[in-house]
Amino acid sequence: MAMTASSGLAQGAGDVASAGQAERSPFVRTTELLAPYQPAKPLITLSVGEPQHPVPGFVGPVLSKHTAEFGRYPMAKGIEPFRRAAATWLSSRFQLPRPVDPESEVLVLNGSREGLFFAAITASRYVSPRKGRPAILMPNPFYPAYGAGARAAGCEQIYLPTTLSNGFLPDLDSIDEATLARTVAFFLASPANPQGSVASRAYFTRLKQLADRHGFMILSDECYSEIYTREAPGSMLECAGSDFTNVVAFQSLSKRSNLPGMRVGFAAGDRKFMAAFLELRNVAAPQVPVPLQHVAVAAYGDEAHVEENRRLYRIKFDLADQILGSRYGYKRPAGGFCVWLDVSDRGGDEATTVRLYRDAGVRVIPGSYLAREQNDGSNPGAGYIRLALVSDSESTAEAMHRLVETLG
């Protein structure tokens, strides 16, 4: 049965009151939830997905070499060496239909978050007139920037529940034609945050067919693509055709290179959309300091630090396999560094978050805070907690031992 906005997938972008708490940062909400309590043990934080592995050794020397360039206003497009490095990396990492043109198909971003936000606004202006109220589709749970971008674009936000039953990816065949006809953009995250699910080539191909038929943009968030312990995830660009029509992929150095504070990423894809994207970015988006772009050139030219990064995550997921076993529905994710645990029979996600913080000194985030309540009253994140395995292996193992001891 096809799902529609009226059957519980949509919530009006202009109805702030109905959105309520869900519009707020999940991290702020978690802080408020835990404020009345004190941890009984030294605190281990697994709530924020902030990589804690060492910063690559080349960062300092490159910054030192290019310090004087902090005195320049950066071009919104990005310096040519950065765009060339990003394009070269894409071609070496993924099986693209053709090389990406660094001149017309790559733009530097001040981290992927702001890029995703401004891309939603660009899409609302770029696509042809819609049949009905323009809408932006996104997975639920979802990265908050998707919803914020859709709201800023004046589009209806339509939430596609990602659950165990659909492999934690939006069910493409459940979206009715009327909804697709008014879709401006479709946000996809692969690997997904928080579940770590990875889209297959067949999934990408099916989504591309829908985008071409209905004329909407696919905004593919791939910032976790380099964090995996077995098979390397693919890219939406691999299935985008020779012109990458209707497809833009977003990448970031935050996870790949342990540089969350540097705020450098890029968007690549459909050159016509990228031209419109650049027009908006020229007047509204934050620019990326030139020295940081030079660091990114070095980062995209080096895979050794990325392989070491994956090795450290592999150790922690091996520990999770051993300590968690099959408890709480745990299954080693295909990508990313998060663990998505079902605690619905332990009192629910909020109560479990409080219990772990108060009794075990382990800070996690309630799954319901990462999702939006659907119109039918359900919340796809309810009953889950998210753990980000970003700390060192010893702290991570200790946190998981405490979790098992506390929850049983």
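All of these numbers come straight from a predicted model, not from anything done at the bench.

Conventions adopted
- Residues numbered from 1 in each chain as written.
- Predicted model: local features only at pLDDT ≥ 70, side-chain atom pairs only at ≥ 80, totals over all residues.
- Heavy atoms only, no water.
- Buried < 20%, exposed > 50% of the residue type's maximum accessible area, 1.4 Å probe, protein only.
- Helix = DSSP H or I, 4+ residues; strand = E, 2+ residues; numbered from the N terminus.
- Pairing = 2+ DSSP bridges.
- Core = buried A, V, L, I, M, F, W, Y, C linked by side-chain atoms within 4.5 Å.
- UniProt positions renumbered as here; feature names shortened; annotations may be inferred.
- Salt bridge = Lys/Arg side-chain N within 4 Å of Asp/Glu carboxyl O.
- Expected span 1.5 Å × (residues − 1).
- Contact = heavy atoms within 4.5 Å.

The subject of this paragraph is the pairing of strand β6 (residues 183-189). Within β6, seven of the seven residues are buried, leaving the element largely enclosed by the surrounding structure. Here strand β4 (residues 135-140) pairs with β6 via three bridges, running parallel. Considered in β6, the bridge of A135 is made with T183. Where β6 meets strand β7 (residues 217-221), five bridges bridge the pair, whose relative direction is parallel.

Okay, the nonpolar core next. Counting 53 residues, the largest nonpolar core has L90, F186, V264 and F266 as its most contacted members. In this structure, Y159, A189, F273 and L278 belong to the second largest nonpolar core, which totals 33 residues.

In this structure's numbering, the residues bearing the UniProt feature "domain: Aminotransferase class I/classII large" (unreviewed entry) are residues 43-397. Measuring from the first to the last C-alpha atom of residues 43-397 gives 13 Å, for a span that is 37% helix and 15% strand.

Attention shifts here to the pattern of salt bridges. In the structure shown here, the tally under the stated rule is 20 salt bridges. In this structure, E114 engages R281 in a salt bridge whose closest nitrogen and oxygen atoms are separated by 2.7 Å. Here E114, found in helix α5 (residues 112-126), pairs with R281, found in helix α10 (residues 271-284); they are 167 residues apart in sequence, far enough to count as distant. When its relative accessible area of 2% is taken as the criterion, R281 is described as buried. Residue E156 is joined to R182 by a salt bridge in which the shortest nitrogen-to-oxygen separation is 2.8 Å. You can see E156 sitting in strand β5 (residues 156-161) and its partner R182 sitting in the loop between α7 (177-181) and β6, a full 26 residues away along the chain. For E156, a relative accessible area of 9% puts it in the buried group. By relative accessible area, which is 12% here, R182 ends up buried.

A separate point is helix α12 (residues 304-324). Counted at 1.5 Å a residue, the expected span for α12 with its 21 residues is 30 Å, and the 30 Å between its end C-alpha atoms agrees. Along α12, the positions that sit buried rather than exposed are H305, V306, N309, R310, Y313, K316, F317, L319, A320, I323 and L324. In this structure, the buried residues of α12 make contact with α9 (253-256), α11 (290-300), β10 (338-342) and α14 (393-407). With its phi angle positive at about 60°, G325 sits one or two positions after the end of α12.

All right, on to the pairing of strand β9 (residues 265-269) then. Counting buried positions along β9 yields five of five residues, so the element is predominantly enclosed. By the alternation rule, side chains of β9 split into G265, A267 and G269 and F266 and A268, which are all buried. Note: strand β3 (residues 106-109) against β9, four bridges, orientation antiparallel. Residue pairing in the sheet places V108 in a bridge with F266 of β9. Inspection of the sheet shows strand β8 (residues 247-252) paired to β9 by five bridges, in the antiparallel sense. By the bridge assignment for β9, F250 is matched with A267.

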